[in-house]
Amino acid sequence: MRALIGSHDLLFVTLDTLRYDVAVACLEQGRTPALAAVLPGGVWQRRHTPASFTYAAHHAFFAGFLPTPVTPGPHQRMFAARFGGSESSGPDTFVFDAADLPSGLAAAGYHTVCLGGVGFFNPATPLGRVLPGLFAESHWSPEFGVTAPDCLGAQLDCLEKIIIDGPLFTFINVAALHQPNRHYVAGAPEDTIETHAAALEYVDGHLDRLFSLVTRRGRPCQVIICSDHGTLYGEDGHVGHRVAHETVWTVPYADFILDPR
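Right, let's walk through the structure included here. Predicted model only: the values in this text are computed from it and were never measured.

Rules of the game
- Residues numbered from 1 in each chain as written.
- Predicted model: local features only at pLDDT ≥ 70, side-chain atom pairs only at ≥ 80, totals over all residues.
- Heavy atoms only, no water.
- Helix = DSSP H or I, 4+ residues; strand = E, 2+ residues; numbered from the N terminus.
- Rg over C-alpha atoms; globule rule 2.2 N^0.38 Å.
- Buried < 20%, exposed > 50% of the residue type's maximum accessible area, 1.4 Å probe, protein only.
- Contact = heavy atoms within 4.5 Å.
- Phe/Tyr/Trp six-rings, centres within 6.5 Å; stacked < 30°, edge-to-face > 60°.
- Core = buried A, V, L, I, M, F, W, Y, C linked by side-chain atoms within 4.5 Å.
- Expected span 1.5 Å × (residues − 1).
- Bend = angle between axes of the 7 residues up to and from the residue.
- Pairing = 2+ DSSP bridges.
- Axes fitted to C-alpha atoms, helices over the stretch in contact; angles between N-to-C directions.
- Disulfide = S-S within 2.5 Å.

Some points on the overall build of the protein
Then comes step 1: Counting secondary structure elements, the protein contains seven helices and twelve strands.
Then comes step 2: Relative to the 2.2 N^0.38 estimate, which gives 18 Å for 261 residues, the radius of gyration of the protein is 17 Å and therefore close to what a compact globule would have.
Then comes step 3: A principal-axis box enclosing the C-alpha atoms of the protein has dimensions of 50 × 40 × 40 Å.
Then comes step 4: Relative to its full complement of 261 residues, the protein shows a buried share of 54%.
Then comes step 5: Pairs at least 24 apart in sequence give 69% of the contacts found in the protein among residues at least 6 apart.

This is how it looks when you write it as C-alpha cells:
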C-alpha cells in the first residue's frame, strides 16, 4: 500500500452485515458475477472482524485494523496509525501520523469522501456524526439507508456528482444487507438467509457502475471491499449481531487494483 499512496485513488467499501457463508454461496452459485470478475482468484478471503457491530468495527478499520486473516500471524497491515510497539506494520504498510485513516490520507494530499449507509452514518444525531466527521466531505440521506430498496443506486447517483482533481479516497457503507432486507424478495414476510442473499445480488448488480465511477478519472484505484460483521437469523437462538458468535465474527474480504476504464 505504501508505494501506491499518491499515484492511486482509493475505494473502501463495507458491505454492512454481509455474512461470509452467504457471500461464498452466492459466488459459487453464480449469483454475483460482478464480484466474480474482480475478486483475486475468484474467491473471497475468510477473515475475522475486529468488532461485532458497525460503529466499533469502523473505528478499528479507520485506525488501520482491517479484518484479520484467519491463519496465524502476525499479518502486515495495509495501513496503520503510528504508535509504539506495533507488530503488524511492515515495509509495505502506509503508516500515518494521525488518529484515523481519512486524516492520514488528507495529509498525503487526498480528498476524502464518505457516503454513509446505516444509522451510524446518519448525521441527525451527534453519534451519527462521529464517523462521517472524519472525512472532508460526507453525504447521507434516507435514500441511502437500510429501509431504501435502491440504497446503493442512490449513493452512486451522489458519487457521480462528485468531481475532484487530485487523489481521491472514497468510502461507501452499503446498507442493503442489513436488516430489514425482506424487500429484496417479493412477498417475503420476514428477513431470512434468502433475503440476505437477494440483497447481495442487488448490490452486485450495481458494482460495475461503481467501478466505472471510481476509475473514470484515468487513475488506477486500490479497492478494499469487505463486511464489517455478520448477522444471525435464529442460529443458537440469536437474531441480529453484537454478540460473540462465529457467524458474526467471520467476514468476507478482498482487495485489488482497478485499472482506468
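Things to note about the packing of aromatic side chains
Then comes step 1: With the rule as written, the count across this model stands at 13 aromatic pairs.
Then comes step 2: With 6.2 Å between their ring centres and 55 degrees between their planes, F53 and F120 make a pair best called tilted. Within this pair, whereas F53 is found in the loop between strand 2 (45-48) and helix 3 (54-62), its partner F120 is found in the loop between strand 6 (111-115) and strand 7 (137-139), the two being separated by 67 residues in sequence.
Then comes step 3: Looking at F53, the relative accessible area reads 24%, which means it is partly exposed.

Description of unusual backbone geometry
Then comes step 1: A cis amide bond, omega 0 degrees, links Q179 with the succeeding residue P180.
Then comes step 2: Position of P180 relative to the elements: it lies in the loop between strand 8 (168-174) and helix 6 (193-215).
Then comes step 3: You will see that T17, though not glycine, has its phi angle at about 80 degrees, which is positive.
Then comes step 4: Relative to the assigned elements, T17 resides in the loop between strand 1 (9-15) and helix 1 (20-28).
Then comes step 5: Overall, the relative accessible area of 0% leaves T17 in the buried class.
Then comes step 6: Despite not being glycine, D236 has its phi angle at roughly 55 degrees, a positive value.
Then comes step 7: On the secondary structure map, D236 appears in the loop between strand 10 (232-233) and strand 11 (239-240).

Looking at the nonpolar core
Then comes step 1: Formed by 48 residues in total, the largest nonpolar core has its most connected members in L11, L15, W44, L159, I172, V203 and L210.
Then comes step 2: Counting residues per element, this core draws most heavily on helix 6, at eleven residues.
Then comes step 3: Sequence-distant contacts of L210, defined by excluding residues within four places in its chain, comprise L11, V13, L156, L159 and I172.
Then comes step 4: Formed by 28 residues, the second largest nonpolar core is a distinct cluster that contains F96, L105, C114 and F169.

Digging into helix 6
Then comes step 1: Taking 1.5 Å per residue as the helical rise, helix 6 with its 23 residues ought to reach 33 Å, and the 33 Å between its terminal C-alpha atoms agrees with that figure.
Then comes step 2: At H206, helix 6 shows its strongest bend, of approximately 35 degrees.

Digging into the sheet that holds strand 8
Then comes step 1: Here we have eight strands laid out as an open sheet, ordered 3-2-12-9-1-8-6-7, and mixed in their pairing. Pairing within the sheet leaves two strands with one partner each, and these edge strands are strand 3 (68-69) and strand 7.
Then comes step 2: Direction of pairing for strand 9 (residues 221-226) relative to strand 12 (residues 250-258): antiparallel, over a ladder of six bridges. Looking at strand 12, one finds that C226 is bridged to Y253.
Then comes step 3: Each of strand 1, strand 8 and strand 9 touches helix 3; the most contacted strand, strand 1, lies at about 160 degrees to it.
Then comes step 4: Running over the sheet, helix 5 (residues 151-160) touches strand 6, strand 7 and strand 8 and is turned about 160 degrees from strand 8.

Details of the state of the cysteines
As used in these notes, a disulfide is a covalent bond between sulfur atoms, one from each of two cysteines.
Then comes step 1: As enumerated under the stated definition, the model contains zero disulfides in all.
Then comes step 2: Free of any disulfide, C26 has its nearest neighbouring cysteine sulfur in C151, separated by 16 Å.
Then comes step 3: Take C226: it sits in no disulfide, and the sulfur closest to it among the cysteines is that of C114, at 14 Å.
Then comes step 4: With relative accessibility at 1%, the residue C226 sits in the buried group.

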